[in-house]
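Here is how the chains run, residue by residue.
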Amino acid sequence: MSRRDAIERLVREDLGCTCPAEVLDRIEEGQVALPGCSRLGRRIAIGGRLLVYLIEAEDPAEAVAGLPAWVSAGRAERDAADMNRLRLVVVTAQPETLAPVLQAVFETLSDRDERIHLHVLSAAAIAGI
């Protein structure tokens, strides 16, 4: 599977994006330094509409503490680039355990809006990306 195909699979199957196929014709990748995160995150901008942050969270406490800043940073970039959506993808070895904790924190954030989505996935879900 090509990298582009892996990104499309992630976006469509794991993140539930229903954007038109032509949006996936333009994919820009890079790294992003996020406050409260000990490692660089990965940034994927798709078709000028969708911004995806992939954040590997080895330490659940770091993820819980960093989530508010990650949402703020992502929203600022999304809005500055006039994109439609931000999908924060937290990658962890224990998605079943961490997802409800992060979701509870996410629901309380004032910077959150209806165009920001949180996903907590395993490393297998981002294989090839």
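Residues numbered from 1 in each chain as written. Predicted model: local features only at pLDDT ≥ 70, side-chain atom pairs only at ≥ 80, totals over all residues. Heavy atoms only, no water.

(A) How the structure looks around the pattern of salt bridges. Applying the stated rule across the entire model yields 17 salt bridges. Here Arg 78 makes a salt bridge to Asp 113, at a shortest N to O gap of 2.8 Å. Here Arg 78, found in helix α2 (residues 60-80), pairs with Asp 113, found in the loop between α3 (95-107) and β5 (116-121); they are 35 residues apart in sequence, far enough to count as distant. Judged by relative accessible area, Asp 113 falls into the buried class, the value being 12%. Of the charged contacts, one joins Arg 115 and Asp 79 as a salt bridge, the two residues approaching to 3.5 Å between their closest N and O atoms. Separated by 36 residues along the polypeptide, Arg 115 in the loop between α3 and β5 and Asp 79 in helix α2 bring together distant segments of the chain. One network of salt bridges, with partners in common, ties together Arg 4, Asp 5, Glu 8, Arg 12 and Asp 25. (Salt bridge = Lys/Arg side-chain N within 4 Å of Asp/Glu carboxyl O. Helix = DSSP H or I, 4+ residues; strand = E, 2+ residues; numbered from the N terminus. Buried < 20%, exposed > 50% of the residue type's maximum accessible area, 1.4 Å probe, protein only.)

(B) Structural detail: empty space enclosed by the protein. Per the counting criterion, the structure on display carries 1 cavity of 30 Å³ or more. As a volume, the largest cavity reaches approximately 30 Å³. Along the walls of the largest cavity sit Leu 40, Gly 41, Arg 42, Leu 54, Ile 55, Glu 56 and Ile 126, which together make up its complete lining. Of all elements in the fold, only β2 (41-46) and β3 (50-56) reach the threshold of two or more residues within the lining of the largest cavity. Among the elements that line the lining of the largest cavity, the one with the most residues is β3, at 3 residues. For the lining of the largest cavity, a count of residues per class yields 4 nonpolar, 1 polar and 2 charged. (1 Å grid on protein atoms, 1.4 Å probe; cavity = no way out; pocket = protein on both sides within 12 Å on 5 of 7 lines; lining within 4 Å. Points joined across faces, edges and corners; volume = space filled by probe spheres on them. Nonpolar A, V, L, I, M, F, W, Y, C, P; charged D, E, K, R; others polar.)

(C) Here's a closer look at the environment of Ile 46. Here Ile 46 shows up in strand β2. A relative accessible area of 0% means that Ile 46 is categorised as buried. Along the backbone, Ile 46 and Glu 8 are 38 residues apart, and their C-alpha atoms lie at a distance of 9.7 Å. Filtering out sequence-adjacent residues up to four positions away, Ile 46 remains in contact with Ile 7, Val 11, Val 23, Leu 24, Arg 26, Ile 27 and Val 52. (Contact = heavy atoms within 4.5 Å.)

(D) Layout of the nonpolar core. In terms of nonpolar packing, the biggest core is built from 24 residues, with Tyr 53, Leu 67, Trp 70, Leu 88, Val 90, Leu 102 and Leu 118 touching the most fellow members. For this core, the secondary structure elements donating two or more residues are β3, α2, β4 (85-91), α3 and β5. Grouped together as the second largest cluster of nonpolar side chains are 20 residues, Leu 15, Cys 19, Leu 121 and Ile 129 included. (Core = buried A, V, L, I, M, F, W, Y, C linked by side-chain atoms within 4.5 Å.)

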